[in-house]
Amino acid sequence: MTIAIDFDGTIVEHRYPAIGKELPFATATLRQLMKDGHKLVLWSVREGDLLQEAIDWCSERGVRFYAANADIDEDANDKPGSKRYSRKLKVDLFIDDRNVGGLPDWGAIYQMISRRITFEQYMQDLASPSEPEKKKGWWPF
C-alpha cells in the first residue's frame, strides 16, 4: 500500500514549529511498514526548511519517504504533454491525528494495516478476544 502520514501530532507530539517528542513506537512502526513493502509519503502542513527538518528527523531514525507533500509519481506531471492532477494524494491510507475519533496507538495502526482490517473490526476483536480451546482430559472437570 501507499500510505500518507502526517508529522506533527502523529509521528511526534504537537510542538510546531519545533519538533516535539516522538510518539511511542511511531518510527519503529513506520520502519516495520517499510520493511513490509509499504511506500510512505509524508503529508504535512510543514513547508520549506520546516518540512526539511521533519524529513531529516525521520531519516535519522531510519524512516525514508518516497515523497513529501506530493504524490510519488508527481515528477511525471513535469513531462511535456502530461496531464496535471490535483494536489489530492493518490494513496491507499492516511494516518493523521485529525482523524474522526483521533489517532489510535501505533500498535493498533500496525495491526489494522498488517491484518487489513478496519478500526471497527480491530475494536470488536479487542472486545471479544477468542479464547483458546481447552484440552480435553480424562476427568470431566
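Scroll up for the structure.
Residues numbered from 1 in each chain as written. Predicted model: local features only at pLDDT ≥ 70, side-chain atom pairs only at ≥ 80, totals over all residues. Heavy atoms only, no water.

Engineer: Is there a simple way to explain the overall build of the protein in this structure?
Structural biologist: Helix and strand content of the protein: four helices and four strands. Secondary structure elements of the protein, listed N to C terminal, follow the sequence β-α-β-α-β-β-α-α. Relative to its full complement of 141 residues, the protein shows a buried share of 33%. For the protein, long-range pairs separated by at least 24 residues make up 64% of all intrachain contacts whose partners lie at least 6 apart in sequence. For the protein, the exposed area adds up to about 10000 Å²; of that, 53% sits on carbon and sulfur atoms. (Helix = DSSP H or I, 4+ residues; strand = E, 2+ residues; numbered from the N terminus. Buried < 20%, exposed > 50% of the residue type's maximum accessible area, 1.4 Å probe, protein only. Contact = heavy atoms within 4.5 Å. Areas by Shrake-Rupley, 256 points an atom, 1.4 Å probe, with all protein chains shown as cover.)

Engineer: So what exactly am I meant to see when it comes to the environment of R61 here?
Structural biologist: Mapped onto the elements of the fold, R61 is located in the loop between helix 2 (48-60) and strand 3 (67-68). A relative accessible area of 29% means that R61 is categorised as partly exposed. Between the alpha carbons of R61 and A28 there is a distance of 8.6 Å; along the sequence they are 33 residues apart. Discounting chain neighbours no more than four positions away, the residues touching R61 are E22, T27 and R31.

Engineer: Looking at this structure, how should I read unusual backbone geometry?
Structural biologist: Among all residues save glycine, negative phi is the norm, and among peptide bonds the norm is trans. Residue P17 follows Y16 across a cis peptide bond; omega there is 10°. Summarising the element assignment, P17 is placed in the loop between strand 1 (2-5) and helix 1 (26-35). Unusually for a residue other than glycine, N69 sits at a positive phi of about 55°. Summarising the element assignment, N69 is placed in the loop between strand 3 and strand 4 (93-95). Judged by relative accessible area, N69 falls into the buried class, the value being 16%. A positive phi angle is found at R116, which is not glycine, with a value near 55°. Here R116 is to be found in the loop between helix 3 (106-115) and helix 4 (119-127).

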